[in-house]
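Here is what each chain is made of, one letter per residue.
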Amino acid sequence: MHHIANLSAFEILDSRGRPTVEARCTLAGGASARAQVPSGASTGRAEALELRDTDAARYGGRGCQQAVANIEGPIAAAVRDSGWTQQSLDAALIELDGTSNKSNLGGNAILSVSIAFARACALERTMPLYLYFGELIGVQPTRLPRLTVNLFSGGKHAGGQVPLQDVLVVPAAATTVAAGLEHVVATYDAAAELIGDRYGVRRLTADEGGLAPPFPSVAAMFDDAVASIESAGLTPGTDMALAVDVAASHFFDGTSYHFGDKPSSSAELIETLADLATRYPIVSLEDGLAEDDWTHWPSLRSRLAPRSLTLGDDLLCTNPERITRAIETRACDALLLKVNQIGTLSEAATALRLAREAGWRVTISARSGETEDDWLADLAVGWSGDQIKVGSINQSERLAKYNRLLAIERETGWPVVAWPN
């Protein structure tokens, strides 16, 4: 049990210049730690609610002063001067909120407290945060996640010049995080030079740092990715693979998908995506269909297996109920885990357990609106993530996580997970 002496919070800005929350938890023994929480742009309907203020004159109504007030008011009053485990604290926060989507206190308020408490507990016990996270799920971590890094962006991350949201590179042959980053940087630099020559644009980037030139088509986006890998002196499919975030919910009108020259049915889009996975070295395909197109997700998984993971993000929202449904219907075979989608570490741990019991791969993911807090890297290691999805390699809120992985690698000497080879 860890006794909470005080909780405090204040409003900060995320990587898009929008408000988010930082909380600080001080334990009775003196350990004190803070946590900053991210915010998403490509959000699923079933996500925990980020509580925003309604004052349109201040940050366009996106302020987080009420979430801060909830931390320093009702949450602090409920947990101060009492002893907690991570599980009991998270349960108390959920009960105090009393809603299914954290809309009373705010998912941003609740998660910042959950993470700050975890970090304070690890500090009090003089243990690395990744080992504390591993202990929460009864696991001793022994490996590091493989990188999946944004190269090119479209969709909501880049103004929609193409409907596809992200093409990512996966350093498939690298056996260390350090070597993986070397290959990624070489590919990114080659891509930046390529788009300068081909499109006459400089390194204009999207929310998560991906390059975002005016691609004439989705096929051009993939062709340019392969050309960049080759220009970096690497072999596509051997040294460097691709991952894709389709984010199909954003170009689905309720009836048809607007992905190409004409509207497509679910079955037609599945065939288009399957063709891309055949033509290009794609090892993971995220949100290939809309978040409520449950009928067709099993067909997508069937068409992509075994060469590519069918990764659920908006479909699943790190929500145990939706994950259970996806397992039962064989809708996908991999989970994109975003803790702020569900709101507490304990609920995210349940989502992780369900995915692992089903034999799924798990990608631990950041959000488009990030901070320079690096707790996500510790989570990806502690929860033995197969992949980590942070963004690109040119913005400090992304590099903070990569640099933390490098520090953990140096400290532990653990290998990178063998996937996808």
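Above this text sits the structure in question.
As the structure is a prediction and not an experimental result, all values here were calculated from the model.

Rules of the game
Residues numbered from 1 in each chain as written. Predicted model: local features only at pLDDT ≥ 70, side-chain atom pairs only at ≥ 80, totals over all residues. Heavy atoms only, no water. Pairing = 2+ DSSP bridges. Helix = DSSP H or I, 4+ residues; strand = E, 2+ residues; numbered from the N terminus. Axes fitted to C-alpha atoms, helices over the stretch in contact; angles between N-to-C directions. Parallel < 35°, antiparallel > 145°, perpendicular 65-115°, else oblique. Contact = heavy atoms within 4.5 Å. Nonpolar A, V, L, I, M, F, W, Y, C, P; charged D, E, K, R; others polar. Left-handed = near helix turned anticlockwise from the far one by under 90°. Core = buried A, V, L, I, M, F, W, Y, C linked by side-chain atoms within 4.5 Å. Buried < 20%, exposed > 50% of the residue type's maximum accessible area, 1.4 Å probe, protein only. Disulfide = S-S within 2.5 Å. Right-handed = clockwise from strand over helix to strand, strands pointing away.

Quick question: what am I supposed to make of the sheet that holds strand S2 (residues 19–27) here?
Within a sheet, adjacent strands bond to each other through the backbone by hydrogen bonds, running parallel or antiparallel. Overall, antiparallel pairing links the four strands, which are arranged S3-S2-S1-S4 in an open sheet. Each end of this open sheet is capped by a strand with a single partner; those strands are strand S3 (32–36) and strand S4 (83–84). For strand S1 (residues 2–13) and S2, the ladder comprises nine bridges, and the chain directions are antiparallel. Following the sheet pairing, Ala-9 is matched in S2 by Ala-23.

When you look at the packing of helix H9 (residues 320–329) against helix H11 (residues 345–357) in this model, what are you seeing that I'm missing?
When two helices pack together, their arrangement is given by the angle between the helix axes and by the axis-to-axis distance. For the pair H9 and H11, interaxial distance at closest approach is 9 Å and the crossing angle is 10°. When the interaxial angle is binned, H9 and H11 end up roughly parallel. Seen from H9, the contacting residues are Pro-320, Ile-323, Thr-324 and Ile-327; seen from H11, they are Glu-347, Thr-350, Ala-351, Leu-354 and Ala-355. Looking at side-chain class alone, the contact of H9 with H11 contains six nonpolar, two polar and one charged residues.

Help me understand the packing of helix H1 (residues 65–79) against helix H2 (residues 86–97), please; the structure alone is not making it clear to me.
Following both chains from N to C, one finds H1 and H2 inclined at 135°, their axes separated by 11 Å at the closest point. Regarding the angle of H1 to H2, the classification is oblique. Remark: the crossing between H1 and H2 carries right-handed chirality. Together, Pro-74, Ile-75, Ala-78 and Val-79 of H1 and Leu-89, Leu-93 and Leu-96 of H2 make up the contact between the two elements. Each residue belonging to the contact of H1 with H2 can be placed in one class, and the counts come to seven nonpolar, no polar and no charged.

Please clarify how unusual backbone geometry should be interpreted in this entry.
Note: most peptide bonds trans; most residues except glycine with negative phi. With an omega of 0°, the peptide bond running from Ala-305 to Pro-306 counts as cis. Take Pro-306: it is sitting in the loop between helix H8 (297–304) and strand S9 (309–312). With an omega of 5°, the peptide bond between Trp-419 and Pro-420 qualifies as cis. Tracing the backbone through its elements, the reader meets Pro-420 in the segment after helix H13 (396–412). Located in the positive-phi region is Tyr-59, a residue other than glycine, with phi close to 55°. Inspection of the secondary structure puts Tyr-59 in the loop between S3 and H1. Although it is not a glycine, Thr-126 adopts a positive phi angle of roughly 50°. Relative to the helices and strands, Thr-126 resides in the loop between helix H3 (107–124) and helix H4 (129–136).

Can you help me understand the nonpolar core in this one?
Soluble globular proteins tend to bury their nonpolar side chains together. Among the nonpolar cores identified, the biggest contains 126 residues, and Phe-152, Phe-222, Leu-242, Leu-337 and Leu-379 are the most heavily contacted of them. In terms of residue count, H3 provides more of this core than any other element does, eleven residues in total. Look past the residues within four positions of Leu-337 in its chain and what remains in contact with it is Thr-318, Ala-348, Leu-352, Val-362, Thr-363, Ile-364, Ser-365, Leu-379 and Trp-383.

Would you mind going over the sheet that holds strand S10 (residues 334–337) with me for this structure?
Spatial ordering of the closed barrel is given by S5-S6-S7-S8-S9-S10-S11-S12, a layout of eight strands whose pairing is mixed. When the angles between neighbouring strand axes are averaged without regard to direction, this sheet yields 25°. Relative to strand S6 (residues 166–170), strand S5 (residues 146–153) runs antiparallel, the two being bridged by four bridges. Its bridge partner being in S6, Ser-153 is matched across the sheet by Asp-166.

Whenever I open this one, helix H12 (residues 375–382) confuses me. Can you help?
An α-helical turn contains 3.6 residues, so a residue and the one three or four places further along point in the same direction. Counting buried positions along H12 gives eight out of eight residues, so the element sits mostly inside the fold. Buried residues of H12: Trp-375, Leu-376, Ala-377, Asp-378, Leu-379, Ala-380, Val-381 and Gly-382, and no others. Within two residues after H12, Ser-384 carries a phi angle of roughly 50°, on the positive side.

Any chance you could explain the state of the cysteines here in plain terms?
Two cysteines, two sulfur atoms, one covalent bond between them: this is a disulfide. On inspection of all chains with the given rule, the structure shows zero disulfides. Not engaged in a disulfide, the cysteine Cys-25 finds its nearest cysteine sulfur in Cys-121; these two sulfurs lie 6.8 Å apart. Given the relative accessible area of 0%, Cys-25 is considered buried. With a relative accessible area of 0%, Cys-121 lands in the buried category.

Can you walk me through the environment of Val-201 in this structure?
Locating Val-201 in the fold gives a position in the loop between helix H5 (177–199) and helix H6 (218–231). Under the relative-accessibility criterion, Val-201 is labelled partly exposed at 21%. If sequence neighbours within four positions are ignored, Val-201 has contacts with Ile-195, Gly-196, Pro-213 and Pro-214.

Would you mind showing me how to read the pairing of S9 here?
For a regular strand, the rule is simple: side chains alternate between the two faces of the sheet. Residue alternation in S9 divides its side chains into two sets, Leu-309 and Leu-311 and Thr-310 and Gly-312, and both sets are buried. In terms of strand pairing, strand S8 (residues 282–286) meets S9 through three bridges, oriented parallel. The residue of S9 that forms the bridge with Ser-284 is Leu-309. For the crossover from S8 across H8 to S9, the handedness is right-handed. Sheet analysis places S9 next to S10, joined by two bridges and oriented parallel. Looking at the pairing, Gly-312 lines up with Leu-335 of S10. Crossover connection from S9 via H9 to parallel S10: handedness right-handed.

Just geometry here; none of it tells us what the structure is for.
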